[in-house]
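# Per-entry structural report
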Amino acid sequence: GLRLPADSIGYRILSEWIAAGAAGPAETDARLERLEVIPDRILASVGSTQPLLVRAHYSNGRSEDVTHLAKFTASAEAVASVDEQGMISISGSGAGAVTAWFSSRIVIATITVPWPNTIPSEVYTTASRRNFIDEIVLDQLQQLQLRPAPRCSDEVFIRRVFLDTIGTLPTADEVRSFLADTAADKRDRMIESLLGRPEFVDYWTYRWSDLLLLNGNELRPDAIAAWYRWIRQQVAADAPWDRFVRELVTAKGSSIENGATNFFARHQAPEDMAENVSQAFLGLSIGCARCHNHPLEKWTNDQYYAFANLFSRVRAKGWGGDARNGDGKRTLVTASFGELVQPRTGKPQPPAPLDAEPISFDATGDRREYLAEWLVSPQNALFARAITNRVWKNYFGVGLVEQVDDMRASNPASNERLLAAAAEHLVQNHYSLKALMRTILQSETWQRSSEPLPENSGDQRQYSRCFPRRMLAEVMLDAVSQVTDVPTEFKNIVYSGSDIKPTDAYPRGTRAIQLQDSAVQSWFLQTFGRNQRRITCECERSDEPSMVQALHLSNGDTLNGKLSAPENRLSKWLAANMTNEEILSEIYLSCLARQPSAAEQAGLLAELQRASTPEERRATLEDVLWAVLSSREFLFNH
C-alpha cells in the first residue's frame, strides 16, 4: 500500500536526500543527545485534549521539533489515547502515560486524571502511615481523589498474611490465638514469625523455581533435585538477591554438586542464555533484537549480539541426552577462546552488557564475571526494579509495572515514584528480600480492606484498597488438603508426548508448594493454571476462570474424594462427638479465618437439624464443607 503520500513531509525528506546523492552518515554529523516531550506532566479532566511537542537536542547545540517524526503510544487506553500527531484525548479517570519515540530514544509524558469525587484533604493528612509506601501511595490517591480504604479486620489480616507470605492457610487454632491477642504489636509479631517459618522457604523456593524454569522435560531428575536444593539453600539463608543472582550467573562445576549450573543446561545457546538472564533478572525481553533493532525498545541488533557474546565461551561436558534417564551430570566450564558471530555482519560484537562498556576480545577470565558485576551493581537500576516489582506483585496482586516481565522504558509504572523508592529501599537493605517483604507487610497500604468504597471502586492500579485475587493453583490444592486433612499424592512425572513415568521423589504428605518439578502429574494443578515453566514469562501461569475449573470443583475427585475419605478431618470431628455448632466453627475458622455470621449459622444449623441419621448428618456436613471450599471467599485471597 501507499506508505508516503507525495505531499507528506516524509516524502519530501527522502526525495531531497536522494536528489542530493543519498549521502551516508559521517563521523562529523551531529548526534542526538537528548529527547524532550512538552509537557511531561499533565493534569487533565475527562473529555479534554492535550497536544504534545517532541523536541530533539543535538550535540552541535541545535534543537529541532520532531513531533511529526515521532511515534506515540499510550500505556492506559482507558485513561487516555493518543493519535499519530501526538494529540492526547482523555477518556477516563486514573493515571496513565504517553510514550514518544524518535531515533531509538524514548520520553514519557505522565497523565493524571482525578476521579470526580469530593474528598476532604484531612482524609489524607490524618490517614495512618507506617512507612514510605504509605506516604507515596496517599499522595497519589489525593491527586487522583481516591478514598483510601480502612484497615482490614484481624480475621482478614491473618488469612491474607499467611497466603501472601507462606502460601499456606492458618489453622483454626492459629486464628483463635491471633484473634484473642490484644497486644498492639500482634500484627508485627505475626509478620516476623511467618518470615521465619519453614513454609516460607517452601513457598519462595517454589516461586523462584517458576522463574528459573525447573522442568523435568528439560532436565534429568538428579539435575532438577540439585538445582532445587541450591535454590532452597539460598532462600533458607535469606541470601541477598544480588548474591543469589551473581552465583547463578557465574556458576561452574558439576551440575549435581553445584545445582546453579543447571541454569546453563536449561539455556544452552549464548543467545538463549542472554535472553533468559535479561528476562529473569531485568524484566526485559530482548529477543526481538536478535534479528533487527528492537521495535518496542532502544536495544539494537548490535547490543543484542554484544550481550550474547558474553556467554559464547560457556562450555559443558555431557549436555544433551534424554531427560527421562540418567543422572543428568554435566560439568560446566568456560573456555579461553570462541566468539559469537553476528549473522547480519558476519563478525562478532565486542562483548558488553546492555548499556555498558565492552571488554576486549582478548580479556582473560570468565566474561560472566564482568556481566555479573554490571548486572547486580546498585548503579544498575533495572536489576533492583525488576525484583522489587516481582515481590510487589506477589503481595498486592497487581505489579507497579504490568506485566512483571515487561519492564521496558515504554511501559511505565503506575506510580514511578513508589517503584523507585521501593527499589532504593531494597538496595539500602543490601538486597534482602525479607526486608522488602517486611516493609510491604507492615504498610497500611498492604493492610487495607478489600471492600470497595463508592470513592475507590473504580481503582485497579493505585492501591486504594486490597485487590482480591484467586489463590495460586498450588496454594489452593494445599489449602483443600489442609482443611480436609487428606494429603494429595504425587506419583508420576508427565513427559512430553504423554509419556508418564512413576516417581518416588514425593512421599505422602508432600505439599504442592514443595514440588521440585513442573512436570509432576496433577490434573488439579493443570486445570487451575500452574506455571508450566517452559519460557521465562509470568504468562505461563494462568488465573483465568474456566468451565473446566467449575466442573472440577463440582464433580472432580480432588475435592469430592477428600470430603468422602473415611479418615479425613470431618470424620475426626464426628468421632470426637463435636456438636454441629462446634463443627461449623471449625469449618469457618479453618477455611475463612472467621466465625460464621449469625445468618450463616442459623441457616446451616436448620439444615443440619433435618438430618435424622448419622449418615444424613455426615452427608450434610460434607455438603456444607464443599460449599465453603468452593466459595469465592475461600478460593480468593482478599
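Presented here is an overview of the structure given in this document. (Residues numbered from 1 in each chain as written. Predicted model: local features only at pLDDT ≥ 70, side-chain atom pairs only at ≥ 80, totals over all residues. Heavy atoms only, no water.)

Close contact between helix H4 (residues 154-166) and helix H6 (residues 186-195) brings their axes to 10 Å; oriented N to C, the two are set at 20°. For the element pair H4 / H6, the angle class is roughly parallel. Read as a crossing pair, H4 and H6 show a hand that is right-handed. Judged by residue contacts, Asp154, Phe157, Ile158, Val161, Phe162, Thr165 and Ile166 of H4 engage Lys186, Arg187, Met190, Ile191, Leu194 and Leu195 from H6. (Axes fitted to C-alpha atoms, helices over the stretch in contact; angles between N-to-C directions. Helix = DSSP H or I, 4+ residues; strand = E, 2+ residues; numbered from the N terminus. Parallel < 35°, antiparallel > 145°, perpendicular 65-115°, else oblique. Left-handed = near helix turned anticlockwise from the far one by under 90°. Contact = heavy atoms within 4.5 Å.)

Turning next to the packing of aromatic side chains. All told, the structure shown has 22 aromatic pairs when counted by the stated rule. Against the face of Trp446 rests Arg160, its NZ or CZ located 5.4 Å from the ring centre. The ring of Tyr206 carries the charged tip of Arg533 above its face, separated from the ring centre by 4.8 Å. (Phe/Tyr/Trp six-rings, centres within 6.5 Å; stacked < 30°, edge-to-face > 60°. Lys NZ or Arg CZ within 6 Å of the ring centre and 35° of its normal.)

In this section: the nonpolar core. Looking at soluble globular proteins, one finds that nonpolar side chains tend to be buried together. Judged by nonpolar contacts, the single largest core of 148 residues is most densely connected at Trp208, Trp241, Phe281, Leu375 and Phe634. It is helix H7 (residues 198-212) that provides the largest number of residues to this core, a total of 8 residues. Residues contacting Trp241, with those up to four places away along its chain left out, are Trp208, Leu211, Phe281, Phe383, Ile387, Tyr431 and Leu433. One finds Val54, Ile90, Val98 and Phe102 within the second-largest nonpolar core, a separate group that totals 24 residues. (Core = buried A, V, L, I, M, F, W, Y, C linked by side-chain atoms within 4.5 Å. Buried < 20%, exposed > 50% of the residue type's maximum accessible area, 1.4 Å probe, protein only.)

Inspection of the entire model under this criterion finds 45 salt bridges. With a closest N to O distance of 2.5 Å, Asp181 and Arg189 form a salt bridge. Residue classification places Asp181 among the partly exposed positions, given a relative accessible area of 23%. The salt bridge involving Glu339 is made with Arg313; its shortest N-O contact spans 2.8 Å. Of this pair, Glu339 sits in the loop between strand E13 (331-334) and strand E14 (341-342) while Arg313 sits in the loop between helix H12 (301-308) and strand E12 (314-317); the two residues are 26 residues apart in sequence, bridging distant segments of the chain. Take Glu339: its relative accessible area is 29%, and that puts it in the partly exposed class. (Salt bridge = Lys/Arg side-chain N within 4 Å of Asp/Glu carboxyl O.)

Under the definition given, this model contains 1 disulfide. Note on cysteine connectivity: Cys537 is disulfide-linked to Cys539, with sulfurs 2.2 Å apart. The S-S bond linking Cys537 to Cys539 shows a torsion near 135°; that makes this disulfide right-handed. Owing to a relative accessible area of 22%, Cys537 belongs among the partly exposed residues under this scheme. Residue classification places Cys539 among the exposed residues on the basis of a relative accessible area of 54%. With no disulfide partner, Cys288 has as its closest neighbouring cysteine sulfur the one in Cys291, 8.5 Å distant. We note that Cys591 lacks a disulfide partner, and the nearest cysteine sulfur, in Cys152, lies 19 Å from it. (Disulfide = S-S within 2.5 Å.)

Purely spatial values, then, with no claim about function.
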